[in-house]
Amino acid sequence: DIVMTQSPLSLTVTPGEPASISCRSSQSLLYRNGDDHLDWYLQKPGQSPQLLIYLGSNRASGVPDRFSGSGSGTDFTLKISRVEAEDAGVYYCMQALQTPRTFGQGTKVEIK
Amino acid sequence: QAQLMESGGGLVKPGGSLRLSCAASRFTFSDYYMSWIRQTPGKGLEWISYISNSGDTIYYADSVKGRFTISRDNAKNSLYLQMDSLRAEDTAVYYCARDRLHSGNYFDYWGQGTLVTVSS
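Residues numbered from 1 in each chain as written. Chains lettered and ligands numbered in written order. Predicted model: local features only at pLDDT ≥ 70, side-chain atom pairs only at ≥ 80, totals over all residues. Heavy atoms only, no water.

S.K.: So what's going on with the state of the cysteines? Residues and values would help.
M.R.: One covalent bond between the sulfur atoms of two cysteine residues makes up a disulfide. All names here are of chain A. Under the defined criterion, the tally for this structure stands at two disulfides over all chains. Here Cys-23 pairs with Cys-93 through a disulfide, and the sulfurs are 2.1 Å apart. With the S-S bond torsion at 75°, the cross-link from Cys-23 to Cys-93 turns out right-handed. Placement of Cys-23 in strand β3 (residues 19–25) and of Cys-93 in strand β9 (residues 89–95) is noted, with a sequence separation of 70 residues between them. (Disulfide = S-S within 2.5 Å. Helix = DSSP H or I, 4+ residues; strand = E, 2+ residues; numbered from the N terminus.)

S.K.: Please give an account of the sheet that holds strand β3 (residues 18–25) of chain B that cites residues and values.
M.R.: Residues and elements named next belong to chain B. Strand order in the open sheet made by the four strands is β1-β3-β8-β7, with antiparallel pairing throughout. Whereas interior strands pair on both sides, the edge strands pair on one side only; in this sheet they are β1 (3–7) and β7 (68–73). Along the sheet, successive strands turn relative to each other by an average axial angle of 15°, direction set aside. (Pairing = 2+ DSSP bridges. Axes fitted to C-alpha atoms, helices over the stretch in contact; angles between N-to-C directions.)

S.K.: Explain the pairing of strand β7 (residues 67–72) of chain A to me, using residue names and the numbers behind them.
M.R.: Residues and elements named next belong to chain A. Pairing of β7 with strand β8 (residues 75–80), which is carried by six bridges, proceeds in the antiparallel orientation. Bridging across to β8, Ser-72 finds its partner in Asp-75. Taken together, β7 and the strand that follows it, β8, pair antiparallel across an intervening segment of two residues, in which Gly-73 is found at a positive phi of about 80°.

S.K.: Tell me about the pattern of salt bridges, and name the residues and values.
M.R.: By the definition in use, this model includes 13 salt bridges over all chains. Measuring nitrogen to oxygen at the nearest pair gives 3.5 Å for the salt bridge that ties A:Glu84 to A:Arg66. You can see A:Glu84 sitting in the loop between β8 and β9 and its partner A:Arg66 sitting in the loop between β6 (58–59) and β7, a full 18 residues away along the chain. Its relative accessible area of 38% is what places A:Glu84 among the partly exposed residues. Between B:Asp108 and B:Arg98 there is a salt bridge, with its nearest N and O atoms 2.7 Å apart. With B:Asp108 in strand β10 (residues 107–110) and B:Arg98 in strand β9 (residues 92–99), this pair connects stretches of sequence that are ten residues apart. We classify B:Arg98 as buried; its relative accessible area is 7%. What you see here is one network of salt bridges that share partners, running through B:Arg38, B:Lys43, B:Glu46, B:Arg67 and B:Asp90. (Salt bridge = Lys/Arg side-chain N within 4 Å of Asp/Glu carboxyl O. Buried < 20%, exposed > 50% of the residue type's maximum accessible area, 1.4 Å probe, protein only.)

S.K.: Quick one: what's the story with the environment of A:Asp36, residue by residue and with numbers?
M.R.: Residues and elements named next belong to chain A. Secondary-structure assignment places Asp-36 in the loop between β3 and β4 (38–43). Note: C-alpha distance between Asp-36 and Ser-70 (34 residues apart in sequence) is 9.8 Å. A polar contact of 2.8 Å, which involves the side chain of Asp-36, links it to the side chain of Ser-72. (Polar contact = N/O pair within 3.5 Å; in protein donor to acceptor, adjacent residues only side chain to side chain.)

S.K.: I'd like a rundown of the environment of A:Ser25, residues and numbers included.
M.R.: All names here are of chain A. Looking at the element boundaries, Ser-25 is found in strand β3. The spacing of Ser-25 and Gly-69 is 44 residues in sequence and 15 Å in space, taken between C-alpha atoms. Contacts of Ser-25, omitting those with residues within four sequence positions, involve Ile-2, Val-3, Met-4, Gly-73, Thr-74 and Phe-76. (Contact = heavy atoms within 4.5 Å.)

Structural measurements only, silent on function.
Right, here's the structure in full:
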């Protein structure tokens, strides 16, 4: 199975400031068509996970443009340009190249 | 937008069985693959099974293979997970999710989850 490793595991951010989360995979997630099969999800307190970014850098419907995904191969980053209070929660990366799809451990983001 | 609602969770003894259901609405259920994903405090999020839109392709994680059975009824817009020979380590919140397999491979809608507790 592909192992996903996130860092940091927790992050405290001031509203209006940027935030960045790293995700590394044990194998390249680059598919032969040039897509990186890496997704980002956010689980807000008391809620189920919600899709933020798919195929490495594509924002899901309704996701604010302050969220961006980048990277390729084995190293990926989720950036929030200006954190808002509603962005608190746990962020997960997930590789979608191989079955079983596997998730990172999660990064807990707290807002000051 | 699409809605998913799980039901059927509860407390069950080790070795027991439970059947989870997932009711889908506001999208054409028969057009989509569906998955079950579980979440535990210790292991985090774990994908456990998917089923194709027609039901003829099914995959399981090794951790549940031979014990869990995924199925669907497109006429009823419903997804199911039959869980047999339950173990303490199956204790988790179980989510159904719409699966965009072969179209990006992401989960674009999730239900609210149903808690399964395996304990004597």
